[in-house]
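Here is what each chain is made of, one letter per residue.
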Amino acid sequence: VGIVGSRRRNESSDKAILRQALGKLVLKAQEKDKAIKLVSGGCPKGADRFAEELAKDLKLEIKIHYPDKSKLKSNTRWAYAEICYARNTLIAQDSDILIALVHKDRKGGTEDTVKKADKLGKKIILL
C-alpha cells in the first residue's frame with residue numbers, strides 16, 4: 001500500500017483519516033491471511049511521516065523511496081523536483097493500492113504519483 005500526500009495535509013485530523021483508511025485495508029488483508037507492506041517517500045511532513053508512524057504503530061513493514069540525491073544534476077528547484085518525480089514512479093510501481101492525502105489544488109508530487117499509479121492500473125484511494 002503506497003501512502004503519499006500533500007505536505008499541507010499535516011494535521012492530526014489528516015493522520016486520523018489516513019489511519020482509518022489504512023485500518024480498513026489491514027482488516028481486509030487479515031481476513032485473507034495476507035500481510036500489508038507500506039511504501040512511501042520519506043518526506044518529514046504530511047502523509048509520508050504519517051506512513052512511517054503508522055507502520056510503527058501497526059507493526060507493518062515499510063519501504064521508503066527517498067529522492068536519489070546522487071542523481072541531482074544541479075542545485076535548482078527543478079533539478080530537485082526531477083529526482084522527486086523519479087521517486088514517485090518507484091512508489092507507484094511498488095504499490096498495488098495507493099492512498100493519497102490530496103490537497104484541493106491537486107498539483108505537485110502527490111498528483112504526479114496518483115497519475116502514475118493510475119496509468120499503471122493501480123487502485124487509488126483519494127482522501
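Use the structure listed above.
Cut-offs and rules
- Residues numbered from 1 in each chain as written.
- Predicted model: local features only at pLDDT ≥ 70, side-chain atom pairs only at ≥ 80, totals over all residues.
- Heavy atoms only, no water.
- Salt bridge = Lys/Arg side-chain N within 4 Å of Asp/Glu carboxyl O.
- Buried < 20%, exposed > 50% of the residue type's maximum accessible area, 1.4 Å probe, protein only.
- Helix = DSSP H or I, 4+ residues; strand = E, 2+ residues; numbered from the N terminus.
- Axes fitted to C-alpha atoms, helices over the stretch in contact; angles between N-to-C directions.
- Parallel < 35°, antiparallel > 145°, perpendicular 65-115°, else oblique.
- Left-handed = near helix turned anticlockwise from the far one by under 90°.
- Contact = heavy atoms within 4.5 Å.
- Nonpolar A, V, L, I, M, F, W, Y, C, P; charged D, E, K, R; others polar.

Quick look at the pattern of salt bridges now. Taken as a whole, this structure holds 10 salt bridges when the rule is applied. For Arg9, the salt bridge identified is with Asp14, shortest N-O distance 2.8 Å. When its relative accessible area of 14% is taken as the criterion, Arg9 is described as buried. A salt bridge links Arg49 to Glu53, with the nearest nitrogen and oxygen atoms 2.9 Å apart. Of this pair, Arg49 and Glu53 both sit in helix 2 (residues 47-58), 4 residues apart, roughly one helical turn.

Next up on the list: the packing of helix 3 (residues 77-94) against helix 4 (residues 109-119). Two numbers describe how helix 3 lies on helix 4: the axes approach to 9 Å, and their chain directions differ by 40 degrees. One way to sum up the angle between helix 3 and helix 4 is to call them oblique. Our pair here, helix 3 against helix 4, has a crossing hand that is right-handed. Along the contact surface, helix 3 presents Tyr85, Asn88, Thr89, Ile91 and Ala92, while helix 4 presents Gly109, Asp112, Thr113, Lys116 and Ala117. Class assignment of the residues belonging to the contact of helix 3 with helix 4 gives a composition of 4 nonpolar, 4 polar and 2 charged.

With their axes 10 Å apart at the nearest point, helix 1 (residues 12-31) and helix 2 run at an angle of 50 degrees to one another. Compared by their axis directions, helix 1 and helix 2 come out oblique. Between helix 1 and helix 2 the crossing geometry is right-handed. On the side of helix 1, the interface is formed by Asp14, Lys15, Leu18, Arg19 and Leu22, while helix 2 contributes Ala47, Phe50, Glu53, Leu54, Asp57 and Leu58. Residue composition of the contact of helix 1 with helix 2, by class: 6 nonpolar, no polar and 5 charged.

Quick look at helix 4 now. When we look at burial in helix 4, the residues that qualify are Thr110, Glu111, Asp112, Thr113, Val114 and Ala117. Tucked inside the fold, the buried residues of helix 4 contact strand 1 (2-5), helix 3, strand 4 (97-101) and strand 5 (123-126). Following helix 4 by one or two positions, Gly121 has its phi on the positive side, about 75 degrees.

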